[in-house]
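Secondary and tertiary structure notes
Chain by chain, the residues run as shown.
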Amino acid sequence: NLLVNVIGYRLAHARFPYSFDPYVDSVFAQAADLAAGRPVYQDPATAPVRECFYPPLFPALLAGVITLTGVRLGAAHGLGLALGLAVLGTLGAIVRRRTGSAAAGWGAALALAMCQRSLSYPIGAPRVDDLALLLGLLTLDAMDRADRSWGAWWTAVLCGAAAPFAKQTAVFALAAGL
């Protein structure tokens, strides 16, 4: 029921034409600039000046979505929903593989969903957090399997290198996981 509620809420929010979060507005503006061929980091002496308080990986990913969907706030919410569900699915799959229990995998995913819903930001909010978390989970999972395949090793290297470009604090989260 919680998962249906979260998905329904995010889908309804994706169709709402306004943002509730000024952070989303600035990231969306950066993504629209990138989609139009303008750089994220512009000369501050020229207008418009955009705040860039996170690295450019999420705006670049969102710019790719915008080129497909057009400059609509729903594109940001749709990307946020996809990343949020990918985080839940990845966490559930990792826990299931490590424990051998599908119930434990579902439990971990639902526990994260409840924590995100009540403590920080709603699942699927168009924020850099889910991209950084997804890259961090993929890195740690691949590191766990890196001794068995070169593909897992390269996945760990690439996702681990990309995570700080989604959010700076991903460096500390990955270091804690090591």
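Located above this text is the structure these notes cover.
Bear in mind that the values here come from a model prediction, so they are computed numbers and not experimental data.

Conventions we followed
Residues numbered from 1 in each chain as written. Predicted model: local features only at pLDDT ≥ 70, side-chain atom pairs only at ≥ 80, totals over all residues. Heavy atoms only, no water. Helix = DSSP H or I, 4+ residues; strand = E, 2+ residues; numbered from the N terminus. Expected span 1.5 Å × (residues − 1). Buried < 20%, exposed > 50% of the residue type's maximum accessible area, 1.4 Å probe, protein only. Arc of directions from axis to C-beta. Polar contact = N/O pair within 3.5 Å; in protein donor to acceptor, adjacent residues only side chain to side chain. Axes fitted to C-alpha atoms, helices over the stretch in contact; angles between N-to-C directions. Parallel < 35°, antiparallel > 145°, perpendicular 65-115°, else oblique. Left-handed = near helix turned anticlockwise from the far one by under 90°. Contact = heavy atoms within 4.5 Å.

Given a rise of 1.5 Å per residue, 27 residues ought to cover 39 Å, and the 39 Å separating the end C-alpha atoms of helix α4 (residues 73–99) matches this to within 8%. At the C-terminal side of α4, Gly100 shows a positive phi close to 80°.

Once that is clear, we can look at the environment of Leu85. Among the structural elements, Leu85 can be located in helix α4. By relative accessible area, which is 32% here, Leu85 ends up partly exposed.

Our next topic: helix α7 (residues 150–162). Over its 13 residues, α7 extends 18 Å from the first C-alpha to the last, a length consistent with the 18 Å expected when each residue adds 1.5 Å. By the burial criterion, the buried members of α7 are Ala152, Ala156, Cys159 and Gly160. Along the long axis of α7, the arc covered by the buried residues comes to 100°, so they all point the same way. Of the exposed residues in α7, those oriented more than 90 degrees away from the buried face are Trp150 and Leu158. The residue sitting at the N-terminus of α7 and contributing the capping side-chain oxygen is Ser149; that oxygen lies 3.4 Å from the backbone nitrogen of Gly151.

Our next topic: the packing of helix α6 (residues 128–145) against α7. Following both chains from N to C, one finds α6 and α7 inclined at 150°, their axes separated by 8 Å at the closest point. It follows from the interaxial angle that α6 and α7 lie roughly antiparallel. Here α6 and α7 pass one another in a crossing that is left-handed. Counting all contacts with α6, which are made through Leu135, Leu138, Thr139, Ala142, Met143 and Arg145, the residues of α7 involved are Ala152, Thr155, Ala156, Cys159, Gly160 and Ala162.

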